[in-house]
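# Structural features, examined
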Amino acid sequence: MFQEHRSWLQLQIVLLICRFTPTCPEVVRILSLGMDKQLSLMMRMKLRIHYLMCSFCERYMKQLKYIRQVSREFPDKIGEVSDASLSADAKEQIKAALRQ
Amino acid sequence: MPFQPGATAGGVSKPDVQPEPTATAASDPSRWVDEHGDVLYRYALERVRKPDIAQDLVQETFLAAVRTIDRFRGGSTVRSWLCGILKHKICDYYRKRGRETAFTNLEFLTDECAEKFVPEGYWVHMNGPKEWKPEPDEVMHRDEFWKTMRDCLGKLPERVATVFMMREMDEVESKEICSMLSISDSNLWVMLHRARMALRECLAMNWFENPGVQR
């Protein structure tokens, strides 16, 4: 009887958490918003609780931060790595414009 | 002809040599075109996707640099100063375009990869995000990674890519992007969410979770 009561309690807690925290599609929207805007303390707590049950969303959050880090480096790196180039004519045209 | 230090021999410059940090009126701007022109062009091309427009933007950047050369302090390298000017020119370009062509509603539709989630509101277990290795500071040394990222950005619809790159690479504030392009905050957030989700997906499939890639 005591065992059943404990698992019923655990179930109630899990259901409460489910109702209290956002769904995963909502979380990913909120995480994107959080990259540009400060989220409320309440929302940040809900996200922490959500991560207890959902490691996917926690990874998504880390990956958004990863993307932000690599994006900052992209302009410099693509300058080194890309194979596109200005043609010799284009460079002459620009130099001529500078001489005026 | 005797070798004269400081003269450019036949217009050939070593691409990896960083020029002296201070630029003065005595510096020759055509050297800048040889040393930095391609690098600027490459970034401009990723942003505007059209070679002739990218070329125009690079030209405008050099012209603006020559005009404002007195304002250049020795605090940064010539290259990062020029990149800063280019980013402004790119923003000006989009500001003008934003006024001419309104964003259509299609660009605002949330395309949230609904099939990644089950109706109850969780990730489909098999398709959920997996751990990404290696760490950013290691992956940044791989040329192939940047080409993959470039390809993934290329797959985004142009407006969505513009907004994402303005926010994450040019580091423009959200409010300013909205006024520049005449869109509302919620439009902006929908587009950024789409960009981030699609980019994450593309990088996962083509780099981090791709068994064929040498990481």
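Residues numbered from 1 in each chain as written. Chains lettered and ligands numbered in written order. Predicted model: local features only at pLDDT ≥ 70, side-chain atom pairs only at ≥ 80, totals over all residues.

### As for the overall build of chain B
Rules: Numbering of helices and strands runs from the N terminus; a helix is a DSSP stretch of H or I covering at least four residues, while a strand is a stretch of E covering at least two. Our exposure labels follow a C-beta count within 10 Å of each residue's own C-beta, placed from the backbone: buried means 20 or more other C-beta atoms, exposed means 12 or fewer, and partly exposed covers the counts in between. Contact definition: two residues whose C-beta atoms, as placed from backbone geometry, lie within 7 Å.
Secondary structure assignment for chain B yields eight helices and zero strands. With 215 residues in all, chain B has 34% of them scored as buried. At a minimum sequence separation of 6, the contacts of chain B that also span at least 24 residues come to 68%.

### What about the overall build of chain A?
Along chain A, the regular secondary structure elements total five helices and zero strands. Put simply, chain A runs from its N terminus to its C terminus through helices and strands in the order α-α-α-α-α. Projected onto its principal axes, the C-alpha positions of chain A cover 90 × 25 × 15 Å. Residues classed as buried in chain A amount to 23% of the 100 residues present.

### Comments concerning the interface of chain A and chain B
Heads up, the condition is: The residue classification treats Ala, Val, Leu, Ile, Met, Phe, Trp, Tyr, Cys and Pro as nonpolar and Asp, Glu, Lys and Arg as charged. All others, Gly included, are polar.
Chain A puts 37 residues into the contact, and the matching count from chain B is 44 residues. Contributing elements (two or more residues each) for the side of chain A that touches chain B: α2 (24-34), α4 (55-81) and α5 (88-99) of chain A. The element that contributes the greatest number of residues to the side of chain A that touches chain B is α4 of chain A, accounting for 18 residues. When the residues that make up the side of chain A that touches chain B are grouped by side-chain class, the tally is 21 nonpolar, eight polar and eight charged.

### As for the domain arrangement of chain B
Residues and elements named next belong to chain B. The following threshold applies: Segment limits for the domains were obtained from an automatic or database-derived domain assignment.
In terms of domains, chain B is made up of domain 1 (23-101) and domain 2 (103-215). Taking the mean C-alpha position of each, domain 1 and domain 2 sit 26 Å from one another. Opposite the nine residues of domain 1 that make contact, domain 2 presents eleven residues. Elements with a contribution of two residues or more to the side of domain 1 that touches domain 2: α1 (29-48) and α3 (78-100). Top element by residues in the side of domain 1 that touches domain 2 is α3. It accounts for six residues. Within the side of domain 1 that touches domain 2, the residues separate by chemical class into two nonpolar, one polar and six charged.

### Section: the environment of Arg159 of chain B
Relative to the helices and strands, Arg159 of chain B resides in helix α6 (residues 158-168). Given 21 C-beta atoms within a 10 Å radius, Arg159 of chain B is considered buried.

### Comments concerning the confidence of the model for chain A
Applicable threshold: Residue-level confidence of the predictor, termed pLDDT, takes values from 0 up to 100.
Looking at chain A, pLDDT values average 90 and 97% of them are 70 or higher. The element-level mean pLDDT for chain A is lowest in helix α1 (residues 2-20) of chain A, coming to 80, with α2 of chain A highest at 95.

### Regarding the packing of α5 of chain A against α1 of chain B
Counted only if it meets this: An axis is simply a line fitted to the C-alpha atoms; with a helix, the fit covers only the stretch in contact. Between two such axes, the angle follows the N-to-C directions and lies from 0 to 180 degrees. When describing relative orientation, an angle under 35 degrees is termed roughly parallel and one over 145 degrees roughly antiparallel, while 65 to 115 degrees is termed roughly perpendicular and anything else oblique. Each crossing gets its hand from how the near helix is turned against the far one by less than a right angle, where anticlockwise is left-handed and clockwise is right-handed.
Closest axis-to-axis distance for the α5 of chain A/α1 of chain B pair is 9 Å, and the angle between their directions is 150 degrees. The pairing of α5 of chain A with α1 of chain B is recorded here as roughly antiparallel in orientation. The element α5 of chain A and its partner α1 of chain B pack so that their crossing is right-handed. Side by side, α5 of chain A and α1 of chain B meet where Lys91, Ile94, Lys95 and Leu98 of chain A of the first sit next to Pro29, Ser30, Val33 and Gly37 of chain B of the second.

### Focus on the nonpolar core
All names here are of chain B. Stated formally: When buried Ala, Val, Leu, Ile, Met, Phe, Trp, Tyr and Cys residues are joined through C-beta atoms within 7 Å, the set is termed a nonpolar core.
In this structure, Leu40, Ala44, Val58, Leu86, Val163 and Ala195 are the most contacted members of the largest nonpolar core, which totals 66 residues. Top element by residues in this core is helix α8 (residues 185-208). It accounts for eleven residues. Mapped onto the domain boundaries, this core takes at least three residues apiece from domain 1 (23-101) and domain 2 (103-215). Residues contacting Ala44, with those up to four places away along its chain left out, are Ala54, Leu57, Val58, Leu86 and Ile90.

### Comments concerning the environment of Glu171 of chain B
Residue and element names in this part refer to chain B. Looking at the element boundaries, Glu171 is found in the loop between α6 and α7 (174-181). When the 10 C-beta atoms within 10 Å are taken as the criterion, Glu171 is described as exposed. Taking the C-alpha atoms as reference, Glu171 lies 9.8 Å from Lys87; in sequence the two are 84 residues apart.

### Considering unusual backbone geometry
All names here are of chain B. Following Lys133, the chain continues into Pro134 via a peptide bond in cis, with omega recorded as 0 degrees. As for its placement among the helices and strands, Pro134 is situated in the loop between α3 and α4 (136-139). One non-glycine residue, Arg49, adopts positive backbone phi at about 65 degrees. Locating Arg49 in the fold gives a position in the loop between α1 and α2 (51-67). On the basis of neighbour count, Arg49 is assigned to the partly exposed category, with 14 C-beta atoms found within 10 Å.

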